[in-house]
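Residue strings, one per chain:
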Amino acid sequence: MKNPVFTGAGVAIITPMYEDGSINFDELGRIVEDQIARGTDAIIICGTTGECSTMTDEEQLAAIKYTVDLVNHRVPVIAGAGSNDTDHGCALAAKSAACGADALLMVTPYYNKTSQAGLVAHFTAMAEAGGIPVILYNVPSRTGLNIAPETAKELSRHPLINGIKEASGNIGQVARIAALCGDELNIYSGNDDQVVPLLSLGGKGVISVVSNVKPELVHNCCKAWFDGDTAKARELQLEMLPLCDALFCEVNPIPVKYAMNVLGWEAGECRLPLVEPGDAHKEQIEQALQAAGLIKE
């Protein structure tokens, strides 16, 4: 049995930026502190929501080190450290681990892709280079590549491969992973609108975008489930849906970064090729934030 890196709601945190596009570390620190104060169970730094795909390695490692030092073991810090180039991923994994991260989040290789056998070789090499627990990240809508349940089972045999962030949206696939892997692979939802369904299959929590704007809602949803109050968990999952719809009305993290700016954080703009949401989507985001009690008229 592998103990989960965390249980509950981990935030896939944004990376705030100045007007010139450089990382605003002061604001990142304020956001991290606010997240911990409001019940977030883990910080995921430099994931998709953190715009790692447009960061240099130096920027990514600086953000990881800053967050690790600031959090100082109060909650786990999971560092995005994947790549579609295994050698690059190995180097990034080793350096991220050296920054003090508690675990690494590793996405499937995008664009060049690979076979299922290639996935086993790729993740095994990167996990061993990092030397700390790994959460696989399966998001075929972004990468064009799916981790098959049988491949997840094979990877789960590795002592460092601890979990999987499942963002395929395929509940049947998640059920098969749970059936094949049991306690050897901790499952986290990668979709905020499917937290309770994945928990019902034995999942350990969620890596959440919604947590950026309302961490207590996602934390309480998970807590209610683990406390045995399934009716409350369901109620909070349904309460989350308008925020889910708004924060994914355009490609993540465009909407959530706009939402954080609306809420008064100095999130800044996304780096190109991501641009601000359209006017109709801005209105949708603002209405969802208002309905959630986060802004007043």
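As annotated in an unreviewed UniProt entry, the chain carries the name 4-hydroxy-tetrahydrodipicolinate synthase and is attributed to Faecalibacterium prausnitzii L2-6. Reading the Function (unreviewed entry) entry of the UniProt record for the chain gives the comment "Catalyzes the condensation of (S)-aspartate-beta-semialdehyde [(S)-ASA] and pyruvate to 4-hydroxy-tetrahydrodipicolinate (HTPA)." Taken directly from UniProt, the Catalytic activity (unreviewed entry) text for the chain runs: "L-aspartate 4-semialdehyde + pyruvate = (2S,4S)-4-hydroxy-2,3,4,5-tetrahydrodipicolinate + H2O + H(+)".

*Asks:* Please set out the UniProt feature "binding site: pyruvate" (unreviewed entry) in the chain residue by residue, giving values where relevant.
*Replies:* UniProt records the feature "binding site: pyruvate" (unreviewed entry) for Thr-49 and Ile-207 in the present numbering. These annotated residues cover 159 residues of sequence, but their C-alpha atoms sit close together, with the largest distance between any two at 10.4 Å. In the annotated set above, the residues contributing to the lining of the second largest pocket are Thr-49 and Ile-207. What makes Thr-49 buried here is its relative accessible area of 3%. Those residues in contact with Thr-49 that sit more than four places away from it in its chain are Ala-12, Ile-13, Ile-14, Thr-15, Val-209, Asn-212, Asn-252, Pro-253 and Val-256. Here Ile-207 lies in strand β8 (residues 205–208). Residue class for Ile-207 comes out buried when judged on its relative accessible area of 2%. Residues contacting Ile-207, with those up to four places away along its chain left out, are Phe-6, Gly-10, Ala-12, Ile-44, Leu-105, Lys-165, Tyr-188, Ser-189 and Gly-190.

*Asks:* Any chance you could break down the packing of helix α11 (residues 254–262) against helix α12 (residues 279–291) for me, citing the residues and the numbers?
*Replies:* Their axes nearest at 10 Å, the elements α11 and α12 cross at an angle of 55°. Classed by the angle they form, the pair α11 and α12 counts as oblique. As for the relative orientation of α11 and α12, their crossing is right-handed in sense. Residues Pro-255, Tyr-258, Ala-259 and Val-262 of α11 form the contact with α12, whose participating residues are Lys-282, Ile-285, Glu-286 and Leu-289.

*Asks:* Describe the pairing of strand β1 (residues 8–12), naming the residues involved and giving the relevant values.
*Replies:* A large share of β1 lies buried, amounting to five of its five residues. In this structure, β1 lies alongside β8, joined through four bridges in parallel fashion. Bridge pairing links Gly-8 to Gly-205 in β8. Once the chain exits β1 it traverses helix α1 (residues 25–37) before rejoining the sheet at strand β2 (residues 42–45), and the crossover so formed is right-handed.

*Asks:* Requested: an account of the packing of α1 against helix α2 (residues 57–71), with residues and values cited.
*Replies:* Orientation of α1 relative to α2, taken along the N-to-C sense of each, is 45°, at an axis distance of 11 Å. With respect to their mutual orientation, α1 and α2 come out oblique. Of the two possible hands of crossing, α1 and α2 adopt the one that is right-handed. Residue-level inspection shows Phe-25, Asp-26, Leu-28, Gly-29, Val-32, Glu-33 and Ile-36 of α1 in contact with α2, the latter providing Ala-62, Ala-63, Tyr-66, Thr-67, Leu-70 and Val-71. In the contact of α1 with α2, the residues fall into nine nonpolar, two polar and two charged.

*Asks:* Now, about the UniProt feature "site: Part of a proton relay during catalysis" (unreviewed entry) in the chain: what can you tell me, with residues and values included?
*Replies:* As recorded in UniProt, the feature "site: Part of a proton relay during catalysis" (unreviewed entry) lies at Thr-48 and Tyr-111. From the list above, the largest pocket is lined by Thr-48. Along the polypeptide, Thr-48 turns up in the loop between β2 and α2. Of the residues examined, Thr-48 reaches a relative accessible area of 23% and is grouped as partly exposed. Aside from chain neighbours lying at most four places away, what touches Thr-48 is Tyr-137, Arg-142, Asn-252 and Pro-253. In this structure, Tyr-111 sits in the loop between β4 (103–107) and α4 (116–130).

*Asks:* Outline helix α9 (residues 215–226), supporting the account with residue identities and numerical values.
*Replies:* A rise of 1.5 Å per residue sets the reference length of α9, with its 12 residues, at 16 Å; its end C-alpha atoms lie 17 Å apart and thus fit the reference within 8%. Restricting attention to buried positions, one finds in α9 the residues Pro-215, Leu-217, Val-218, His-219, Cys-221, Cys-222 and Ala-224. Contacts made by the buried residues of α9 are with β1, α1, α8 (195–200), β8 and α10 (230–247). Downstream of α9 by a residue or two, Gly-228 has a phi angle that is positive, lying close to 90°.

*Asks:* Describe α10, listing the residues and the values that go with them.
*Replies:* For α10, built from 18 residues, the straight-helix expectation of 26 Å at 1.5 Å per residue is met to within 8% by its first-to-last C-alpha distance of 25 Å. Of all the bends found along α10, the most pronounced is centred on Leu-241 and spans about 35°, while Pro-242, a proline, follows it within four residues. Three or more residues of α10 are buried, namely Ala-233, Leu-236, Gln-237, Met-240, Leu-243, Cys-244, Ala-246 and Leu-247. The secondary structure elements touched by the buried residues of α10 are α8, α9, α11 and α12.

*Asks:* Run through unusual backbone geometry, naming residues and quoting values.
*Replies:* Here Asn-252 and Pro-253 are connected by a cis peptide whose omega angle stands at 10°. Tracing the chain through its elements places Pro-253 in the loop between α10 and α11. Cis geometry marks the peptide bond from Leu-272 to Pro-273; its omega dihedral reads 20°. Positioned with a positive phi, Cys-46 is a non-glycine residue whose angle comes to about 65°. On the secondary structure map, Cys-46 appears in the loop between β2 and α2.

Rules used throughout
Residues numbered from 1 in each chain as written. Predicted model: local features only at pLDDT ≥ 70, side-chain atom pairs only at ≥ 80, totals over all residues. Heavy atoms only, no water. UniProt positions renumbered as here; feature names shortened; annotations may be inferred. 1 Å grid on protein atoms, 1.4 Å probe; cavity = no way out; pocket = protein on both sides within 12 Å on 5 of 7 lines; lining within 4 Å. Buried < 20%, exposed > 50% of the residue type's maximum accessible area, 1.4 Å probe, protein only. Contact = heavy atoms within 4.5 Å. Helix = DSSP H or I, 4+ residues; strand = E, 2+ residues; numbered from the N terminus. Axes fitted to C-alpha atoms, helices over the stretch in contact; angles between N-to-C directions. Parallel < 35°, antiparallel > 145°, perpendicular 65-115°, else oblique. Left-handed = near helix turned anticlockwise from the far one by under 90°. Pairing = 2+ DSSP bridges. Right-handed = clockwise from strand over helix to strand, strands pointing away. Nonpolar A, V, L, I, M, F, W, Y, C, P; charged D, E, K, R; others polar. Expected span 1.5 Å × (residues − 1). Bend = angle between axes of the 7 residues up to and from the residue.

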